[in-house]
Amino acid sequence: MAVNKINPFPTTGYIGKEYFCDRETELTTLKSLVKNGVNTTLISPRRLGKSALIHRLFEELETTKSFYCIYTDIYATQSVKDFTECLSQMILRQIPEQKSIGNRFLDLLKAFHPVISYDPLSGQPEISLEFTENKAVEKTLASIFHFLDSQNKPILIAIDEFQQIANYPETNTESILRSHIQRLKNVHFIFSGSNKHMMVELFNSAKRPFFSSTRMLSLPVIDKDIYSSFIHDKFKDGGREIQPEAVQFILDWTRSHTYYTQTICNLVYASPLKRIKEEDVKNICDSFLASQQAMYIQYRRLLSPVQWQLLIAIAKEGSVSQPQSKYFLEKYNIGTPSNSKRALDALLTKEMIYQEDDLESSRYQVYDVFLSRWLERTF
Ligand SMILES: Nc1ncnc2c1ncn2[C@@H]1O[C@H](COP(=O)(O)OP(=O)(O)OP(=O)(O)O)[C@@H](O)[C@H]1O
Ligand SMILES: [Mg+2]
């Protein structure tokens with residue numbers, strides 16, 4: 001059997017469905033929504049696999065050539081102008097000039113006097129648009145959407161980190177976008193984001209323009225049994241053997257959270273070991289945490305003493321549902337319930353902890369699983 005040369009556990013980006021575990025249900029749902037013209041909002045905690053799932057969906061749609069797919073990540077944009085530039089740039093990059101649609105898009109952009117340069121390394125086009133007034137930005141955006149809507153093939157645009165639009169200085173961004181989007185017949189959207197609070201506010205608040213305009217899809221962690229067989233198989237394909245207890249340990253230790261699981265699997269795979277035991281994985285986890293320690297210590301300076309204490313307490317408990325209870329406050333010497341509440345809110349805002357809600361209660365966990373494991377063992 002041919003032995004895999006690349007590490008089959010990527011920790012950034014998407015490298016193809018062979019290295020992508022499961023998400024079959026979500027993929028089927030997304031395909032059906034897209035084909036039926038329903039726009040989707042995709043939400044999950046950070047690093048659980050939203051962007052990778054979008055790329056997986058694109059790969060699928062591109063093989064059937066049924067859609068033009070355009071992916072944009074607007075995390076770095078700070079205004080409607082940036083958004084318009086970012087969208088234009090991604091259209092140009094993903095619908096190449098050789099195709100007539102790409103050519104016609106370039107002609108359309110030329111009317112707005114763009115400065116187009118090419119990245120010397122990747123050769124990818126970069127666009128900068130100059131506008132003298134705000135109305136001109138809106139007109140450009142309207143032309144772009146109109147152009148996309150009049151193509152002979154449907155278009156799917158995924159806008160990743162969509163919550164960013166709530167930070168733009170223009171107060172009417174949402175209504176501008178919403179008014180364009182609701183008129184489009186041929187262009188469908190996936191809006192994705194990790195800031196649950198902001199995403200839910202954007203799409204589920206009756207006062208906001210996007211209210212009830214999309215279907216919500218929450219991404220859960222990957223099923224443990226499925227992830228476990230996937231890990232097993234990838235080691236096997238590489239001519240290696242990993243014991244079931246070792247895989248179990250990885251999934252427990254990383255809470256099956258995709259990025260953290262991928263990181264540990266990547267490290268284990270990178271080691272020269274051929275037959276991997278639980279003890280080997282534990283050693284790799286230990287040395288990984290040791291290598292991160294200098295960075296973790298810095299967090300202490302960024303937090304108040306109560307916030308730090310609360311963070312340690314939550315890490316030690318793993319998951320906390322009653323952070324104001326007398327038992328919890330006394331056990332970890334946190335002070336009064338109102339102290340704890342204030343620190344909890346601050347840690348949530350800083351995205352140091354994550355709040356998971358179910359019907360009955362909320363639970364809190366340290367957001368970064370590795371930091372959580374380090375705090376748990378160090379204090
Ligand atoms: N189903 C999967 N199988 C294997 N690896 C995956 C899967 N989903 C995601 N990954 C990997 O996990 C890492 C995190 O995924 P991704 O960047 O898609 O998460 P995200 O939810 O978009 O994160 P963020 O909120 O930070 O943008 C990436 O390295 C990706 O390759
Ligand atoms: Mg992402």
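These numbers were taken from a predicted model, which means no experiment stands behind them.

A word on the nonpolar core. Note that soluble globular proteins tend to have their nonpolar side chains buried in a common cluster. Core analysis: the largest hydrophobic core is formed by 40 residues, its most contacted members being Leu310, Leu311, Ile314, Ile353 and Val366. Counting residues domain by domain, this core receives three or more from each of domain 2 (224-297) and domain 3 (303-378). Aside from chain neighbours lying at most four places away, what touches Val366 is Leu311, Ile314, Ala315, Met352, Ile353, Leu371, Ser372 and Leu375. Counting residues in hydrophobic clusters, the runner-up holds 39 residues, among them Cys69, Leu109, Phe189 and Leu202.

Glancing now at the packing of helix α10 (residues 258-270) against helix α11 (residues 278-302). In the contact formed by α10 and α11, the axes pass within 10 Å of each other and the chain directions differ by 110°. For the element pair α10 / α11, the angle class is roughly perpendicular. Judged by the sense of rotation from one axis to the other, the crossing of α10 with α11 is right-handed. Residues Ile264, Leu267 and Val268 of α10 touch α11, and the partners they reach there are Val281, Ile284, Cys285 and Phe288. Taken together, the residues of the contact of α10 with α11 break down into seven nonpolar, no polar and no charged.

Each assigned domain of the protein chain is listed with its residue range as follows: domain 1 (23-218), domain 2 (224-297) and domain 3 (303-378). The centre of domain 1, based on its C-alpha atoms, is set 36 Å off from the matching centre of domain 3.

A few words now on the sheet that holds strand β5 (residues 155-160). Read across the open sheet, the five strands follow the order β2-β5-β6-β1-β7; overall the sheet is parallel. Lying at the two open borders of the sheet, with one neighbouring strand each, are β2 (68-73) and β7 (215-218). The mean angle between the axes of side-by-side strands here comes to 20°, regardless of whether they run parallel or antiparallel. Seen against the sheet, helix α1 (residues 24-35) touches β1 (40-43), β5, β6 (187-193) and β7 and runs at an angle of roughly 165° to β7.

A few words now on the pairing of β6. Counting buried positions over the seven residues of β6 gives seven, a clear majority of the element. Along β6, one buried face is formed by Val187, Phe189, Phe191 and Gly193 and the opposite face, lined by His188, Ile190 and Ser192, is buried too. Strand direction decides the pairing type here: β1 and β6, joined by four bridges, are parallel. Looking across to β6, one finds that Leu42 is bridged to Ser192. Sheet topology places β5 next to β6; six bridges connect them, and they run parallel. Paired with Ile155 across the bridge in β6 is Val187. Regarding topology, helix α6 (residues 173-181) serves as the crossover connection from β5 to the parallel β6, and that connection is right-handed.

So, about the pairing of strand β11 (residues 362-366). By the bridge criterion, five bridges tie strand β10 (residues 353-357) to β11 in an arrangement that is antiparallel. Within β11, the position partnered with Glu356 by the bridge is Arg363. Following β10, the chain reverses through four residues before pairing antiparallel with β11.

Reading the values: the criteria
Residues numbered from 1 in each chain as written. Chains lettered and ligands numbered in written order. Predicted model: local features only at pLDDT ≥ 70, side-chain atom pairs only at ≥ 80, totals over all residues. Core = buried A, V, L, I, M, F, W, Y, C linked by C-beta atoms within 7 Å. Buried ≥ 20, exposed ≤ 12 C-beta atoms within 10 Å, placed from the backbone. Domains from an automatic or database assignment. Contact = placed C-beta atoms within 7 Å. Axes fitted to C-alpha atoms, helices over the stretch in contact; angles between N-to-C directions. Helix = DSSP H or I, 4+ residues; strand = E, 2+ residues; numbered from the N terminus. Parallel < 35°, antiparallel > 145°, perpendicular 65-115°, else oblique. Left-handed = near helix turned anticlockwise from the far one by under 90°. Nonpolar A, V, L, I, M, F, W, Y, C, P; charged D, E, K, R; others polar. Pairing = 2+ DSSP bridges. Right-handed = clockwise from strand over helix to strand, strands pointing away.

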